[in-house]
Amino acid sequence: MSSRQLKRLIPVVVMAGLTGAPSVQADEFTQEDLKRWEGQFMEVVKQGRDLWTHPLGTNSVSCAQCHPNAANTHPETYPKFQKQLGKVALIGDMINWCIRNPAEGQPLALDDPKMIAIQAYINYERRGVPMAPGKH
Amino acid sequence: MNTRISRRDFLKGAGALAAIGALPISLVELAFADSAENFTFAYISDAHIQHIKGTEFVRNWDRGLIRAVAETNLLTPKPDFIMFGGDLAQLGSKPELDHGAEIMSALSGKVYYVMGEHDYYLDLGQYWEQLFGPQYHSFDHKGVHFVVLNSVLTYDDWTYKRWPTAEQRMLEMAGLDNPNGSPFMVGEKQRQWLQVDLQKVGKDTPIVVFSHSPIQKIYKGWNFWTEDADEVQALLKPFKKVTVIYGHVHQIQYNQIGNISFHAVMATAWPWPYPATYSQVEQHLPKLTVPMNRADPFFERDATGWQFINLATGNVDMRYNLYNNSSRTVAFNPKTGQPEDAMYQPADQRIPPQIHF
Ligand SMILES: [Fe+2]
Ligand SMILES: [Fe+2]
């Protein structure tokens, strides 16, 4: 939701609160909303899968070659201490590590839409696994 | 296993190499009661030579194979022959097979090749056959019957009718986790050939089968799987000493099913996660297998390694030498009738890097 949409909503919510009109509470959402949000998310997951199976660097090597179904990317463990980087790192840092090294490419900005899509895909393949920040 | 050769004996010629533990090859010794009959063979697998464009190939995979070849040439005693376990190429193209064959040509000694799916699905093995010979065959060497299978075939419908181009067919099969792929199989024609081939072999003759896929069912989603594994195993059942050695999985696996010992070899290109690390599915890694250590992405050659196998009396005694990790020994335990890791087999002996999640 854009901030402009948000601003427009606020007076409505306030009024609804005053008049007791049903079904216009800001924190209520419908099955249709859920469907749309899921659709939006899954579209980005799909983009992420597409990036996963195509080269992200210069040498034609894809992430899927070494990480089938994004296995061994462990998104639930981040942030975690990465001994080779000497610091607590984000998963984006390790994604960039693998883009630079096995894929011989240029790192992505952490808010690059591609970076977001890759993380959406990685996390989706890992759905249901409990959070384990810091785990090795 | 009194005829076991120590790792040092094998590497007398390799003293000049700093990182002995990094040898990404397998050296297999067959030991017999009459030690004059003993012999060794080396095993290199899954090089995945990958063409970028023009004369450029993926440096990482080239280095893995070049190193394996150089180190195989240093082995003492010199192996009687060298096996290549399949997936020489990444997308089966002529430039890839040629480039791989050229690197392999530096090997001194006879080389036998196994077909991998990455070699096969562009032209169904045509060019590969020109370079390396028939897709399946058998040979005898010092009292052992060796069988080479093309185990990466699949349903005719998938191979011949599904894809508009050969290039697309190759790409679809090359993606390990691609749901458009199709399960590997040896196929009826080859099984009939095998049945006939084995008729002339004595039941006491040791048999070693080389295949690319496991000839056992581990995880279908990544084709760690052979659809007609049960039928092939049935053909091998009458023989006393059978070993299946396979590539494709890029990791240590071992298993015992009845009279058949199974051993996977590592890749020279890159290691693969164990199927259990894909949390959305069930898989059946042999319970027996104690996994290799998790790979460190900061060391390009990590989780490749080499091993030698001693097959005296049909029991398997295997030593894995792992880059940057302690060596592993997996030996047949006559009490339990199965191969076991000498150090890590009991659950309470496992070390943290062996936990894959
Ligand atoms: Fe392979
Ligand atoms: Fe393979």
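Right, let's walk through the structure included here. (Residues numbered from 1 in each chain as written. Chains lettered and ligands numbered in written order. Predicted model: local features only at pLDDT ≥ 70, side-chain atom pairs only at ≥ 80, totals over all residues. Heavy atoms only, no water.)

### Some words on the coordination of the iron ion (ligand 1)
Residues and elements named next belong to chain B. Coordination of the iron ion (ligand 1) by the protein is provided by D46 (OD), H48 (NE2), D87 (OD) and H250 (NE2), with metal-donor distances spanning 2.0 to 2.3 Å. The coordination sphere of the iron ion (ligand 1) comprises four donor atoms, whose angles at the metal cover 89 to 175 degrees; the geometry is irregular. Here the iron ion (ligand 1) and the iron ion (ligand 2) are spaced 3.4 Å apart, linked through D87, which binds each one. Within this pair, whereas D87 is found in the loop between β5 (81-84) and α3 (94-104), its partner H250 is found in the loop between β10 (242-246) and β11 (254-257), the two being separated by 163 residues in sequence. (Donors = N, O, S within 2.8 Å, 3.2 Å for Na, K, Ca; no water. Tetrahedral: all angles 85-135°; square planar, octahedral: opposite > 155°, others 65-115°. Helix = DSSP H or I, 4+ residues; strand = E, 2+ residues; numbered from the N terminus.)

### Side note on the coordination of the iron ion (ligand 2)
Put simply, the ideal angle at a metal is 109.5 degrees for four donors in tetrahedral geometry and 90 or 180 degrees for six donors in octahedral geometry. Protein-derived coordination of the iron ion (ligand 2) comes from D87 of chain B (OD), E117 of chain B (OE), E117 of chain B (OE), H212 of chain B (NE2) and H248 of chain B (ND1), at a distance range of 2.2 to 2.6 Å. Each donor residue of the iron ion (ligand 2) belongs to the same chain, with the gaps between them written as D-x29-E-x94-H-x35-H.

### Observations concerning the pairing of β5 of chain B
All names here are of chain B. Alternating residues of β5 divide into F81 and M83 and I82 and F84, and every residue in both groups is buried. Of the strand pairs in this sheet, β5 and strand β6 (residues 110-113) are connected by four bridges, and their pairing is parallel. Its bridge partner being in β6, I82 is matched across the sheet by V111. Between the parallel pair β5 and β6, the chain is carried across by α3, and the sense of this crossover is right-handed. (Buried < 20%, exposed > 50% of the residue type's maximum accessible area, 1.4 Å probe, protein only. Pairing = 2+ DSSP bridges. Right-handed = clockwise from strand over helix to strand, strands pointing away.)

### What about helix α7 (residues 166-174) of chain B?
For α7 of chain B, every residue scored as buried is listed here: R169, M170, E172, M173 and A174 of chain B. On its buried side, α7 of chain B packs onto α4 (117-120) and α6 (156-161) of chain B. (Contact = heavy atoms within 4.5 Å.)

### A look at the packing of helix α2 (residues 59-72) of chain B against α3 of chain B
All names here are of chain B. Across the interface, α2 lies against α3 with an axial gap of 9 Å and an inter-helix angle of 30 degrees. Considered as vectors, α2 and α3 are oriented roughly parallel to each other. Within the contact between the two elements, α2 uses D62, L65, I66 and V69 and α3 uses H99, G100, I103 and M104. (Axes fitted to C-alpha atoms, helices over the stretch in contact; angles between N-to-C directions. Parallel < 35°, antiparallel > 145°, perpendicular 65-115°, else oblique.)

### A look at the nonpolar core
Residues and elements named next belong to chain B. Counting 34 residues, the largest nonpolar core has I44, L65, F84, L88, M104 and Y113 as its most contacted members. Contributions of two or more residues to this core are made by β2 (39-44), α2, β5, α3, β6, α5 (126-132) and α7. If you tally residues by element for this core, the top one is α3, at four residues. Discounting residues that sit within four places of it in the chain, F84 has contacts with I44, S45, D46, A47, L65, M104, Y112, Y113 and V114. One finds W61, V186, I215 and L235 within the second-largest nonpolar core, a separate group that totals 33 residues. (Core = buried A, V, L, I, M, F, W, Y, C linked by side-chain atoms within 4.5 Å.)

### Regarding the packing of aromatic side chains
Residue and element names in this part refer to chain B. Applying the stated criterion to the full structure yields 27 aromatic pairs over all chains. On the numbers, 5.1 Å between centres and 65 degrees between planes, the contact of Y136 with W193 is edge-to-face. On the criterion of sequence distance, the pair formed by Y136 in the loop between α5 and β7 (137-141) and W193 in helix α8 (residues 188-199) is long-range, its members being 57 residues apart. Here Y136 falls in the partly exposed class, since its relative accessible area comes to 25%. In this structure W193 comes out as partly exposed when scored by relative accessible area, which is 23%. (Phe/Tyr/Trp six-rings, centres within 6.5 Å; stacked < 30°, edge-to-face > 60°.)

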